[in-house]
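# Observations on chain architecture
As a plain string of letters, each chain reads:
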Amino acid sequence: MARKKKSGGANVIAANRRARFEYRLEDRLEAGIALEGWEVKSLRSGRAQLTEGYVAFRNGEAYLEGTHISPLPSASTHVETNPVRSRRLLLHRREIDRLAGAVQREGYTVVPLDLHWSRGRAKLAIATAKGKRRADKRAADRDRDWQRERQRLMKSR
């Protein structure tokens with residue numbers, strides 16, 4: 001399976017394209033993820049979904065919730081797999097505090113943007129985000145359509 005190249009040479013495993021449509025993204029970070037062996041093997045074959053994922057804060061730690069990493073059929077029989085388990089994010093204390101503060105005080109949410117390889121390790125790009133209203137989504141669609149039409153008009157000249 002061919003993986004998409006990201007700028008900077010990282011390979012994208014899974015992208016959450018829905019996040020850019022549903023939310024206005026503000027502050028971006030890259031976080032490591034505490035994974036089990038079978039999960040790493042599944043990620044290498046590209047078996048991950050981020051569309052329902054979000055970041056939750058418990059006991060001063062950040063956890064990735066709602067993402068689905070399906071196990072390979074050849075996974076070990078003695079390992080009990082849970083495809084939607086909570087996965088701890090590896091962030092510095094000040095980053096966790098800043099994200100948790102934004103979620104509590106300003107009403108932001110933290111959404112995963114993409115899962116990628118960086119120097120052989122799985123990393124998660126996350127962002128603080130505010131939800132878009134229906135009118136904002138329509139305006140974004142209108143702008144995207146206008147840009148597409150403008151490009152088409154410029155080519156025809």
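Above this text sits the structure in question.
To keep things clear, this report deals only with the structure shown in the data block. (Residues numbered from 1 in each chain as written. Predicted model: local features only at pLDDT ≥ 70, side-chain atom pairs only at ≥ 80, totals over all residues. Heavy atoms only, no water.)

### A closer look at the pairing of strand β6 (residues 61-65)
Filter applied, for reference: In this scheme, a residue with accessible area under 20% of its type's maximum is buried, one over 50% is exposed, and one in between is partly exposed, where area comes from a 1.4 Å probe on protein chains only. A helix here means a DSSP run of H or I that spans at least four residues, while a strand means a run of E at least two residues long, and both kinds are numbered starting from the N terminus. For two strands to pair, DSSP has to find at least two bridges joining them.
Taken across its five residues, β6 has four buried, putting it largely inside the fold. Across five bridges, the pairing between strand β5 (residues 54-58) and β6 is antiparallel. The residue bridging Val55 from the neighbouring strand is Leu64, located in β6. Connecting β5 to the next strand, β6, in antiparallel fashion are two residues, including Asn59 with a positive phi near 50°. When β6 meets strand β8 (residues 87-90), the two strands line up antiparallel, connected through two bridges. Each residue of the ladder has a partner; that of Tyr63, found in β8, is Arg88.

### Side note on empty space enclosed by the protein
The cut-off we apply is this: Detection works on a 1 Å grid of protein atoms alone, calling trapped sets that fit a 1.4 Å probe cavities and calling open sets with protein on both sides within 12 Å along at least five of seven lines pockets, with lining residues defined by an atom within 4 Å of a point. Grid points are joined across faces, edges and corners, and a volume is the space filled by probe spheres set on the points.
In the structure shown here, the tally under the stated rule is one cavity of 30 Å³ or more. Every residue lining the largest cavity is listed: Ile33, Leu35, Ala48, Gln49, Leu50, Leu64, Thr67, Ile69, Arg87 and Leu115.

### Here we look at the packing of aromatic side chains
What describes a pair of aromatic rings is the distance from one ring centre to the other and the angle between the planes of the rings. Condition: Pairing of aromatic rings covers Phe, Tyr and the six-membered ring of Trp, with a centre-to-centre limit of 6.5 Å; geometry is then stacked below 30 degrees between planes, edge-to-face above 60, and tilted otherwise. The rule is short: NZ of Lys or CZ of Arg within 6 Å of the ring centre and within 35 degrees of the ring normal puts a charge over the ring.
Under the defined criterion, the tally for this structure stands at zero aromatic pairs. A cation sits over an aromatic face here: Arg44 above Trp117, 4.0 Å from the ring centre.

### What about helix α3 (residues 93-105)?
So the rule is basically this: A helix's residues, less one, multiplied by 1.5 Å, set its expected span. The contact definition used throughout considers only heavy atoms, calling two residues in contact when any of these lie within 4.5 Å.
Along its 13 residues, α3 runs 18 Å from first to last C-alpha, staying within 8% of the 18 Å computed at 1.5 Å per residue. For α3, the set of buried residues is Glu95, Ile96, Leu99, Ala100, Gly101 and Ala102. Check the buried side of α3 and you find it contacts β3 (23-33), β5, β6, β9 (109-118) and β10 (121-131).

### A few points about the pattern of salt bridges
Formally: Criterion for a salt bridge: a side-chain nitrogen of Lys or Arg within 4 Å of a carboxyl oxygen of Asp or Glu.
Counting across every chain of the model gives 12 salt bridges. Arg18 is paired through a salt bridge with Glu22; the nearest N and O atoms lie 2.9 Å apart. You can see Arg18 and its partner Glu22 sitting in helix α1 (residues 17-22), four residues apart, about one turn around the helix. Note that Arg24 and Glu26 form a salt bridge whose closest N and O atoms lie 3.5 Å from each other.

### Remarks on the side chain of Thr128
Here Thr128 shows up in strand β10. Assessed through its relative accessible area of 6%, Thr128 is described here as buried. Beyond its immediate sequence surroundings of up to four residues, Thr128 is in contact with Arg24, Leu25, Glu26, Asp27, Leu99, Tyr108, Thr109 and Val110.

### Notes on unusual backbone geometry
In this model, Asn59 sits at a positive phi of 50°, which is unusual for a non-glycine residue. Relative to the helices and strands, Asn59 resides in the loop between β5 and β6. Since its relative accessible area comes to 80%, Asn59 is described here as exposed. Even without being a glycine, Arg119 presents a positive backbone phi close to 55°. One can find Arg119 in the loop between β9 and β10.

Just distances and angles here, no functional claims.
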